[in-house]
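Residues per chain are reported as follows:
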Amino acid sequence: MSHEPLTAEIEDWLLQSALEDPEIAPLFETLCVRLRALGLPLDRVMLSWVILHPLFGTEELVWRPDEPLELEQRPHAALGNAVWWASPLAHVHVKRLDTFRRRLTGPDALLDFLVLEHFRDSGFTDYLITAASFSIGALSDFLGGTTGMMASWSTKRDAGFSVADLTALERIRKPLAVAVHAALQRRVLDNVATTFLGATAGARLLKGEIKLGDGETIPAVLWFSDLRGSTRLSDAMDPSDYLALLNIYYACTAAPVIEAGGEILTFIGDGVLAGFRVGEGDVKAAVARAETAMVEARTRREAALAEGTPADAPLEFGIGLALGEVMMGNIGVPSRLAFSGIGTAVNRAQRIEASTKRLGHPVLAERAVVELSERQWTPSETLTLDGLAAPVELFAPADSQA
């Protein structure tokens, strides 16, 4: 039985979807449901692609009837490991094949890859891969050529895929690639914008807020942390060791901020400027998130020291907390912009952090933060900080953990 008339409808739908800024997961899930409704005996479908992401090299979606869609994100190293090279997907990639089929049962069975035995033992009878190459700008340059997508189609039907089934899957191979190509371009752009600008700034950029001065003023708890002795360390240490130390420092400071719901506004040398946005007027919640990050930062420092730092370098840093309004937006010149936070609260956070070394406390906060805290803080000193007219009362955490 031919699927031709309805297959043509799916082709048109895929091409139209490519023009509508598609999201790859719902697009893929809808495709699988429609194909199964068309009569194709699909019991497992996997879609795989290479992605430009700081943590992951490849992503894949796995669809099964009446089960939630699964997303698997694999680290960069997985693309070149032994398991990958022993797979049918690697074979298709190396040989630049458009299709690859193996019957898993019966007289025509050919199980020349270990994973095919696993599929057969799981009840599958037929296995097909369809692939298509395409380019995604810098991602293709990064990979040394074209990239693309591969889909594997598996069935448990005793007779396997029919000629009509195979014809339908071949007909949608290129329309599916066009739709996936469109979805991946947006996904790559999202990943790059979020990685280099942060979630908030990245989202604003993708909404078109790319002009000088675009931004907003919000209340927030401001965080500033800075690595002690960085100039001396950069001069004395091997560059690779110093870079490794910096990454440990950022793992101790920037990572806890993000995990606690804060936003990295900018990196100033080895300084981390971040903000914990006050949501719906709940200032105490913003203070609590900042304190959670503060405790985690100090905890991670102790763990890093116990593990050992490159060249046994010291890992000392201060944290300053202030409360106030911050202007989050684009600064610079029209042809070269940076997203950052500016305002008097930002200046106070930086000056407060600078006082941690002089006063001998790893963390200091101003009174406005402490008054909204559920933790115990002890008075340190009242200082007139550089560039600020009014004296600032400074407090240090009372517990030993911070």
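Residues numbered from 1 in each chain as written. Predicted model: local features only at pLDDT ≥ 70, side-chain atom pairs only at ≥ 80, totals over all residues. Heavy atoms only, no water.

**Comments concerning helix α11 (residues 239–259)**
Here α11 contains 21 residues, and its C-alpha end-to-end distance of 29 Å stays within 8% of the 30 Å for a straight helix at 1.5 Å per residue. The largest bend in α11 amounts to roughly 35° and is located at Ala251. Taken together, the buried positions of α11 are occupied by Tyr242, Leu245, Leu246, Tyr249, Tyr250, Cys252, Thr253, Ala254, Pro256 and Val257. Within two residues after α11, Gly261 carries a phi angle of roughly 95°, on the positive side. (Helix = DSSP H or I, 4+ residues; strand = E, 2+ residues; numbered from the N terminus. Expected span 1.5 Å × (residues − 1). Bend = angle between axes of the 7 residues up to and from the residue. Buried < 20%, exposed > 50% of the residue type's maximum accessible area, 1.4 Å probe, protein only.)

**Looking at the nonpolar core**
Formed by 39 residues in total, the largest nonpolar core has its most connected members in Trp223, Phe276, Leu321 and Trp377. Listing elements by their share of this core, those giving two or more residues are β7 (215–227), α11, β9 (271–277), α12 (283–307), β10 (317–333), β12 (363–366) and α14 (367–370). Leave out the neighbours within four places in its chain, and Leu321 touches Leu222, Trp223, Ala290, Ile352, Leu364, Ala365, Glu366, Val369 and Trp377. Ile10, Leu14, Ala179 and Val180 belong to the second-largest nonpolar core, a separate cluster that totals 35 residues. (Core = buried A, V, L, I, M, F, W, Y, C linked by side-chain atoms within 4.5 Å. Contact = heavy atoms within 4.5 Å.)

**Let's talk about the pairing of strand β14 (residues 392–397)**
Burial within β14 is extensive, with five of its six residues counted as buried. Here strand β13 (residues 377–383) pairs with β14 via five bridges, running antiparallel. Following the sheet pairing, Leu383 is matched in β14 by Val392. (Pairing = 2+ DSSP bridges.)

**What to know about unusual backbone geometry**
Even without being glycine, Arg96 reaches a positive phi, approximately 55°. Its location among the elements puts Arg96 in the loop between α4 (88–95) and β4 (99–103). Here Arg96 falls in the exposed class, since its relative accessible area comes to 66%.

**Structural notes on the confidence of the model for the protein chain**
Residues with a pLDDT of 70 or more make up 82% of the protein chain, whose mean pLDDT is 85. Taking the mean pLDDT of every element in the protein chain, the minimum, 49, falls on helix α6 (residues 138–142) and the maximum, 97, on β4. Considering only residues more than four positions removed or in separate chains, one finds that residues 139–145, a stretch of pLDDT under 50, has twelve contacts. (pLDDT = per-residue confidence, 0-100.)

**Focus on the pattern of salt bridges**
What the rule picks out here adds up to 20 salt bridges. Salt-bridge contacts for Asp98 lead to Arg173; the nearest nitrogen and oxygen are separated by 3.6 Å. Taken together, the residues span a long stretch of sequence, with Asp98 in the loop between α4 and β4 and Arg173 in helix α8 (residues 173–197) at a distance of 75 residues. The exposure class of Asp98 is partly exposed, given its relative accessible area of 42%. (Salt bridge = Lys/Arg side-chain N within 4 Å of Asp/Glu carboxyl O.)

**Remarks on the packing of aromatic side chains**
All told, the structure shown has seven aromatic pairs when counted by the stated rule. Between Phe119 and Tyr127, the ring centres sit 5.2 Å apart and the planes meet at 40°, which makes this aromatic pair tilted. The structure contains a cluster of three or more aromatic residues connected by ring pairs, namely Tyr249, Tyr250, Phe267 and Phe317. Looking at Lys156, its charged tip hangs above the ring of Phe124, at a distance of 5.0 Å from the centre. (Phe/Tyr/Trp six-rings, centres within 6.5 Å; stacked < 30°, edge-to-face > 60°. Lys NZ or Arg CZ within 6 Å of the ring centre and 35° of its normal.)

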